[in-house]
Amino acid sequence: MRFNVLGVSLALVASFCMAKANAEDLSVAVVDGSKNAVVGAIVSLMPVSDTIVLPKTEKTASIKQQNVMFSPFILPVQTGTLVTFPNMDKIRHHVYSFSSAKTFELKLYGQDETQQVLFDKKGVAALGCNIHDNMLAYIYVTDDPLFRVADQSGKASFSDLPVGDYEIHIWHPDQQKSMEGYAHAISLPEGGAKALELVFEMKSRRHTQQQPVENEY
């Protein structure tokens, strides 16, 4: 695993009282070079040691089509997850991905119908609809057992983590290519939670999903 040191700063490591014995909390704030929050960044954790036992990750997830948009825009799942694609719209959709991580095509299906795809390979699948060009979403498939989506403040929080060493991985569709394979090592000692601020290099262009123009479809 390659460690990307450039562009990463550890801005704050704080200890809090009243932490639970042998279980720590971790807060990761992801910002760009101008200190703006990186909303929607995926923050995932991989224990370094096999002795760290984590709860099993849910192996089912859903990304729906509603109001001629995908929801959520970014979905993190663990490798081997079965993702369902319910169509909540009155119109039909044709969902596809040409990404190497998962190439598939769900041909036209209508309201209240659901299709499903197994994501069995690590990587990123960019989604589109063959009928509605405004629709865009990403499924991030990771081997890491724990993951969160950064909120509007760019923060992702984990609770009750076993003490020990971890690797933090971050992904976002607008990341600079140099950030691919990004990893940051962290040690959670017994006796205090940690809060990190990590700088993630981003492109100026932003991948977003646009709402359809009224009466467009």
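Details of the structure are given in the entry above.
Here is a short report on the structure shown in this document. Everything numeric in this text was worked out from a predicted model, so none of it was measured.

What counts and what doesn't
- Residues numbered from 1 in each chain as written.
- Predicted model: local features only at pLDDT ≥ 70, side-chain atom pairs only at ≥ 80, totals over all residues.
- Heavy atoms only, no water.
- Helix = DSSP H or I, 4+ residues; strand = E, 2+ residues; numbered from the N terminus.
- Buried < 20%, exposed > 50% of the residue type's maximum accessible area, 1.4 Å probe, protein only.
- Pairing = 2+ DSSP bridges.
- Axes fitted to C-alpha atoms, helices over the stretch in contact; angles between N-to-C directions.

### Focus on unusual backbone geometry
Then step 1. Omega for the peptide link from Ser71 to Pro72 comes to 5 degrees, which places this bond in the cis form.
Then step 2. The residue Pro72 is located in the loop between strand S5 (69-71) and strand S6 (74-78) in this model.
Then step 3. Positive phi outside glycine occurs at Val68, with the angle close to 60 degrees.
Then step 4. Along the chain, Val68 falls in the loop between strand S4 (64-66) and S5.
Then step 5. Positive phi, close to 55 degrees, is recorded for Asp160, a residue that is not glycine.
Then step 6. Structurally, the position occupied by Asp160 is in strand S14 (residues 155-162).
Then step 7. By relative accessible area, Asp160 is classed as partly exposed at 40%.

### Brief notes about the environment of Ile91
Then step 1. Among the secondary structure elements, Ile91 is positioned in the loop between strand S7 (81-86) and strand S8 (93-99).
Then step 2. For Ile91, a relative accessible area of 29% translates into the label partly exposed.
Then step 3. Taking the C-alpha atoms as reference points, Ile91 and Asn67, 24 residues apart in sequence, are found 9.5 Å from one another.

### Notes on the sheet that holds strand S1 (residues 23-31)
Then step 1. Ordered in space as S14-S1-S17, the three strands form an open sheet in which the pairing is mixed. Looking at the sheet topology across the chains shown, the edges are occupied by S14 and strand S17 (194-199). Sheet twist, expressed as the average angle between the axes of neighbouring strands with direction ignored, equals 20 degrees.
Then step 2. Direction of pairing for S1 relative to S14: antiparallel, over a ladder of six bridges. The partner of Ser27 across the bridge, within S14, is Ser157.

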